[in-house]
Amino acid sequence: MTLDVASAAQVEAAIRAAEARAGRPSGVVRLLAVSKTRAAAEVASLRAAGIEDFGENYLQEALPKIRELAGQGITWHFIGAIQSNKTRDIARHFHWVHTVDRARVADRLNAAAHRTLDVCLQVNVDAEPQKAGVAPEETGELLARVKELDNLRPRGLMAIPKEGDGEATRESFRRLRRLFDDLAPIAGTSWDTLSMGMSGDFEVAVAEGSTLVRIGTALFGPRPPRTDR
């Protein structure tokens with residue numbers, strides 16, 4: 001199923017329906033509204049509709065929105081590629097970072113954070129050379145490094161699977177879930193998040209264990225062109 005443009009309530013209902021079909025308890029999957037390229041007023045509208053979690057890919061675009069919407073109870077997630085020179089502002093303005101994929105980035109986020117920062121490790125689950133992410137076989141080493149850092153709290157894994165047919169996507173999600181389970185004994189009690197699934201594949205992701213789906217176009221409509229980063 002691919003979600004067309006829908007209200008927040010319709011998207012939430014679709015996620016709950018996917019949970020039920022997968023035999024999972026209602027409410028175990030969180031909705032992360034991907035608000036890149038969207039105006040602060042659009043974010044505020046969805047916040048008023050009950051959505052609390054918003055994901056941004058581009059730091060310079062996100063910062064004005066974060067400042068304008070301060071005090072509205074929004075949890076901000078950074079879900080874009082991380083440049084080392086932007087770790088300071090990411091650590092200080094976001095609550096979650098989903099794209100930690102190397103020790104240098106983890107170290108810099110930790111040094112800049114003034115409070116506990118929830119992080120997911122981004123895994124290149126299909127070994128695609130054009131994509132960011134730690135290799136599956138190296139994820140345990142990166143997790144061990146993150147656990148040594150006082151200001152980072154490892155929450156789980158994130159991946160963007162290879163585009164393809166449903167079964168290929170499903171197998172990618174299964175591999176990420178197996179890796180998540182394999183790392184759980186060393187990860188600690190905060191290890192609870194599988195950030196996987198978007199508008200076109202969220203049902204498969206929910207069936208394979210996702211706890212957080214990243215939905216953008218289905219909530220906001222077609223994305224306008226960006227003019228800056």
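Here, every reference points to the structure presented above.
All values derive from a computational prediction rather than experimental measurement. (Residues numbered from 1 in each chain as written. Predicted model: local features only at pLDDT ≥ 70, side-chain atom pairs only at ≥ 80, totals over all residues. Heavy atoms only, no water.)

1. Re the overall build of the chain
The line we're drawing: Working definition: helices are DSSP H or I runs of at least four residues, strands are E runs of at least two. Numbering for both runs from the N terminus. We call two residues in contact whenever any of their non-hydrogen atoms come within 4.5 Å of each other. Shrake-Rupley sampling with a 1.4 Å probe provides the accessible areas, and residues are treated as covered by the protein chains on show and by no other component. Counted as positive: Lys and Arg. Counted as negative: Asp and Glu, with His and the chain ends omitted from the count. Charge coordinates come from a single atom per side chain, which is NZ of Lys, CZ of Arg, CG of Asp or CD of Glu.
Check the secondary structure of the chain and you find nine helices and eight strands. Expressed along its principal axes, the backbone C-alpha trace of the chain runs to roughly 40 × 40 × 30 Å. If you take every contact in the chain between residues at least 6 apart in sequence, the share linking residues at least 24 apart comes to 56%. Just so you have it, the chain exposes about 10400 Å², and 49% of that area is on carbon and sulfur atoms. Each charge sign in the chain was given a centre, from 31 positive and 31 negative side chains, and these centres are 4 Å apart.

2. Topic: the nonpolar core
Soluble globular proteins: nonpolar side chains tend toward being buried together. Counted only if it meets this: Grouping buried Ala, Val, Leu, Ile, Met, Phe, Trp, Tyr and Cys residues that are joined through side-chain atoms within 4.5 Å yields what is termed a nonpolar core. Note on exposure labels: buried denotes an accessible area under 20% of the residue type's maximum, exposed denotes more than 50%, and partly exposed covers the range between, all computed with a 1.4 Å probe on protein chains only.
Of all hydrophobic cores here, the largest spans 63 residues; its most connected members are Phe-54, Val-97, Leu-109, Leu-157 and Leu-219. Here the element with the most residues in this core is helix H7 (residues 166–187); it accounts for six residues. Contact partners of Leu-109, with chain neighbours within four places excluded, come to Ile-82, Thr-87, Ile-90, Ala-91, Val-97, Val-100, Leu-117 and Leu-152.

3. Describing the pairing of strand S4 (residues 96–100)
Our working rule: When DSSP finds at least two bridges between two strands, those strands are taken to pair. Orient the strands so they point away from the viewer; a crossover is then right-handed if the path from the first strand over the helix to the second runs clockwise.
S4 sits mainly inside the fold: five of its five residues count as buried. In this structure, strand S3 (residues 75–78) lies alongside S4, joined through two bridges in parallel fashion. Bridge pairing in S4 links His-77 to Trp-96. Once the chain exits S3 it traverses helix H4 (residues 87–93) before rejoining the sheet at S4, and the crossover so formed is right-handed. As defined by bridge partners, S4 adjoins strand S5 (residues 117–122) across three bridges and the pair is classed as parallel. Directly across from Val-100, in S5, lies its bridge partner Leu-121. This β-α-β element, S4 to helix H5 (residues 103–112) to S5, shows right-handed connectivity.

4. Digging into unusual backbone geometry
If you check the backbone angles, Thr-37 has positive phi at about 70° while not being a glycine. The topology assignment puts Thr-37 in the loop between strand S1 (30–34) and helix H2 (40–48).

5. A short note on the pattern of salt bridges
The condition that has to hold: Here, a salt bridge means any Lys or Arg side-chain nitrogen found within 4 Å of an Asp or Glu carboxyl oxygen.
In this structure the tally under the stated criterion is 22 salt bridges. Linking Glu-61 and Lys-65 is a salt bridge whose minimum nitrogen-to-oxygen distance equals 3.2 Å. You can see Glu-61 and its partner Lys-65 sitting in helix H3 (residues 59–68), four residues apart, about one turn around the helix. Considered together, Glu-61 and Lys-65 belong to a single accessibility category, that of buried residues. One salt bridge in this structure joins Glu-208 and Arg-174, with 3.3 Å as the shortest N-O distance. Here Glu-208, found in the loop between helix H8 (202–207) and strand S8 (212–215), pairs with Arg-174, found in helix H7; they are 34 residues apart in sequence, far enough to count as distant.

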